[in-house]
Amino acid sequence: MDFPAKLKKYTARVEAGIERLLPPATTRPARLHTAMRYSLQAGGKRLRPVLVLAAADCFPSNENNPLPAAVAVECLHTYSLIHDDLPCMDNDDLRRGRPTAHKAFDEATALLAGDALLTHAFALLATGYAAQPALAQALLHELSDAAGSQRLIGGQMADLLAEKKADATADDLDFIHRNKTGAMIEASLVMGGLCGDAAGRHLNALRAAGRHLGLAFQITDDILDATTDSATLGKTAGKDAAADKTTFVKLHGIEASRALAAKSTAAAIAELEKLPEQAPFLVALAETMAQRTT
Ligand code: IPE
Ligand code: IPE
Ligand code: MG
Ligand code: MG
Ligand code: MG
């Protein structure tokens, strides 16, 4: 398997899907649709939509197109970044190598662009799978669960509540990471499996892999914040320490965090190896994520 070529192919499919499935920037009101595309088409890693496509490809006999689900996941993720960067949250100026949405436009436009991307994610599932109501229902259920008050949004709330908290525990930190970040990575793999009509045992393996991968991903994000420069990251480095966030680096230190990320990655790979077909690609992707520099 030529991993870089395959990854490039998946990423290109995602970019083309975004271009096609988002309203044109000129759609009225153009300022809103321009802002949606500004944040979405800024060249993120596209990890989550690639997970959707690659998980679906583990089950090649299916006929469902996973692309609307992949784009939905990236719309939802991008909304969470726009809101995460707002002054009332992490107050960041730089995202995906560009000024954040509220810097490039204004706070109200950034807030609304986030709202619109969140809503568009569900519209994409409802319309993209209208001819397969059972699949549409399962995808809507998975994404609404992952994005909801007990997962992504709950994790974001807990993240803010844990700022400047001297007595935050490892359990608090686990809750934050598994939910603010882990939930969407888990949902991406499961949604790919749903598009692939995966059997229950394979969906279970995808979910378990996503849980481990999601935790590893946010541990690595914490390490990168503390060890890499802003130009490489495309977002402001050192923000976690400046805001006194509860992170793996703060609670466990860099070396122990690296070991924990490696352990979670290995656990994810053990689950991915239970899958047929394209599992080698997903395994290589998990390894690449653990070694990433952005
Ligand atoms: C950043 O996610 C926010 C986290 C959940 C850690 P990514 O590191 O996947 O950001 P992009 O999509 O590549 O910009
Ligand atoms: C963000 O976590 C998680 C979500 C956006 C849901 P961070 O606040 O650590 O992400 P970055 O470092 O700003 O990308
Ligand atoms: Mg944050
Ligand atoms: Mg942030
Ligand atoms: Mg971070």
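Everything below is about the structure shown above.
Residues numbered from 1 in each chain as written. Chains lettered and ligands numbered in written order. Predicted model: local features only at pLDDT ≥ 70, side-chain atom pairs only at ≥ 80, totals over all residues. Heavy atoms only, no water.

> Hey, could you run me through the overall build of the chain in this one?
Tallying secondary structure elements over the chain gives 15 helices and two strands in all. A compact globule built from 294 residues should have a C-alpha radius of gyration of about 19 Å, and the chain, at 18 Å, falls within 12% of that. Overall, the chain is about 50 × 50 × 35 Å in size when its C-alpha atoms are taken along their principal axes. Each of the 294 residues in the chain was classed as buried or not, and the buried ones make up 54%. (Helix = DSSP H or I, 4+ residues; strand = E, 2+ residues; numbered from the N terminus. Rg over C-alpha atoms; globule rule 2.2 N^0.38 Å. Buried < 20%, exposed > 50% of the residue type's maximum accessible area, 1.4 Å probe, protein only.)

> Is there a simple way to explain the coordination of the magnesium ion (ligand 4) in this structure?
A metal bound by six donors in octahedral fashion has ideal angles of 90 or 180 degrees, whereas one bound by four tetrahedral donors has an ideal angle of 109.5 degrees. Listed as protein donors to the magnesium ion (ligand 4) are Asp 84 (OD) and Asp 90 (OD); their distances from the metal cover 2.1 Å. Distance-wise, the magnesium ion (ligand 3) is placed 3.1 Å from the magnesium ion (ligand 4), both being coordinated by Asp 84. As far as burial versus exposure is concerned, Asp 84 and Asp 90 are alike and both buried. (Donors = N, O, S within 2.8 Å, 3.2 Å for Na, K, Ca; no water.)

> Help me understand the pattern of salt bridges in this model?
Opposite charge on two side chains allows them to pair when their charged atoms are near. Inspection of the entire model under this criterion finds 22 salt bridges. In this structure, the salt-bridge partner of Arg 95 is Asp 84, at a minimum N-O distance of 3.5 Å. Here Asp 84 lies in helix H4 (residues 67–85) and Arg 95 lies in strand E1 (residues 94–95), a separation of 11 residues in the sequence. For the pair formed by Arg 95 and Asp 84, the shared burial category is buried. For Asp 221, the salt bridge identified is with Lys 235, shortest N-O distance 2.7 Å. Of this pair, Asp 221 sits in helix H10 (residues 200–227) while Lys 235 sits in the loop between helix H11 (230–233) and helix H12 (239–242); the two residues are 14 residues apart in sequence, bridging distant segments of the chain. A relative accessible area of 24% means that Lys 235 is categorised as partly exposed. Through salt bridges with shared partners, a single network forms among Asp 90, Asp 159, Glu 163, Lys 180 and Lys 245. (Salt bridge = Lys/Arg side-chain N within 4 Å of Asp/Glu carboxyl O.)

> How should the site of ligand 1 be read in this particular structure?
The local shell around ligand 1 consists of Gly 44, Lys 45, Arg 48, His 77, Leu 81, Arg 96, Thr 181, Phe 217, Gln 218, Asp 221 and Lys 235. One nitrogen or oxygen atom from the side chain of His 77 is found 2.8 Å from an oxygen atom belonging to ligand 1. About the coverage of ligand 1: the protein hides 89% of its 400 Å² of free accessible area. Among the elements of the structure, H4 and H10 are those that each provide at least two residues to the shell around ligand 1. Top contributing element to the shell around ligand 1 by residue count: H10, with three residues. A class-by-class count of the residues in the shell around ligand 1 yields two nonpolar, four polar and five charged. (Near = heavy atom within 4 Å. Polar contact = N/O pair within 3.5 Å; in protein donor to acceptor, adjacent residues only side chain to side chain. Areas by Shrake-Rupley, 256 points an atom, 1.4 Å probe, with all protein chains shown as cover. Nonpolar A, V, L, I, M, F, W, Y, C, P; charged D, E, K, R; others polar.)

Nothing here speaks to function; it is all geometry.
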